[in-house]
Amino acid sequence: MLTLPRQLSQALRLTPAQFAELCAANPEAVLELAADGRLIEMTPAGGETGRRNNQLAVQLGLWARTQPGWCVFDSSTGFLLPDGSVLSPDASAVRLERWQALSSEARQGFPPLCPDLVVELASPSDRLPDLRRKMATYQANGARLGWLLLPETRGVEVWHASGEPQRLEGLAVLEGEPELQGLRLDLAELWDG
């Protein structure tokens, strides 16, 4: 894993192209890039979070198969957002026509777009203020819908394209209407598995 001295890590600023080179040279590193060029070091997921992430990907993938016109991405996909940051949601979906509008080269690297749907699944190592900043970044960069899943409290924050997030508690099923027709996320399966 890539380790930088703390002082260098905090002072270093990279362009998205430099960040892509750094990631290619250090495939084991789990990193994101802030809009100001700072590196954001991530912690690999623990077992329970990994299980939940997989369940999330399966549910989104099944939805995309029944609702043509969508591409679903896993947590290892970094997106180059309009503000210059490169972030990797735990799961995401992009309208097929937006994906197909990208060149083959753009699809090979960090796709230069903000997903239509972004989902972040809080893990024990995550700080809630950091996750909320990340959700606000997606919202500011054009995400149509964002879900911040909070397993510890079995709560969800729903981030629409604009406005304040809405906190929901005690749901068994989370629906993507009206932004994403037919999307239903079985939260009970995620929480209890």
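For the structure, check the block above.
Residues numbered from 1 in each chain as written. Predicted model: local features only at pLDDT ≥ 70, side-chain atom pairs only at ≥ 80, totals over all residues. Heavy atoms only, no water.

> Lay out helix α2 (residues 16–25) with the relevant residues and their values.
Phe-19, Leu-22 and Cys-23 are the residues of α2 that are buried. Seen from one end, α2 has its buried residues packed into an arc of 95°, which puts them on one side. Exposed and oriented more than 90 degrees from the buried face of α2 are Ala-17, Glu-21, Ala-24 and Ala-25. Buried residues in α2 make contact with β1 (31–33), β2 (39–41) and β5 (86–87). (Buried < 20%, exposed > 50% of the residue type's maximum accessible area, 1.4 Å probe, protein only. Helix = DSSP H or I, 4+ residues; strand = E, 2+ residues; numbered from the N terminus. Arc of directions from axis to C-beta. Contact = heavy atoms within 4.5 Å.)

> Got a sec to walk through the pairing of strand β6 (residues 91–95)? Specific residues and values, please.
Put simply, side chains in a regular strand alternate between the two faces of the sheet. In terms of burial, β6 is a largely internal element, 4 of the 5 residues being buried. Both β6 and strand β7 (residues 117–121) contribute to a ladder of 3 bridges, which runs antiparallel. Its bridge partner lying in β7, Ala-93 is registered against Leu-117. (Pairing = 2+ DSSP bridges.)

> Before we move on, could you go through the sheet that holds β6 and cite the residues and values that matter?
The strand order across the open sheet built from 6 strands is β3-β6-β7-β8-β9-β10, with neighbouring strands paired in mixed fashion. Across the chains shown, the open sheet's two edge strands, defined by having one partner strand only, are β3 (70–73) and β10 (166–169). Across the sheet, the mean angle separating the axes of adjacent strands is 15° when strand polarity is ignored. Where strand β8 (residues 145–150) and strand β9 (residues 155–160) come together, 6 bridges link them in antiparallel fashion. Directly across from Leu-145, in β9, lies its bridge partner His-160. In the packing of helix α3 (residues 47–66) onto the sheet, contacts are made with β3, β6, β7 and β8, and the angle to β7 comes to roughly 160°. Packing of helix α6 (residues 128–140) onto the sheet brings it into contact with β7, β8, β9 and β10, and relative to β8 it is tilted by some 170°. (Axes fitted to C-alpha atoms, helices over the stretch in contact; angles between N-to-C directions.)

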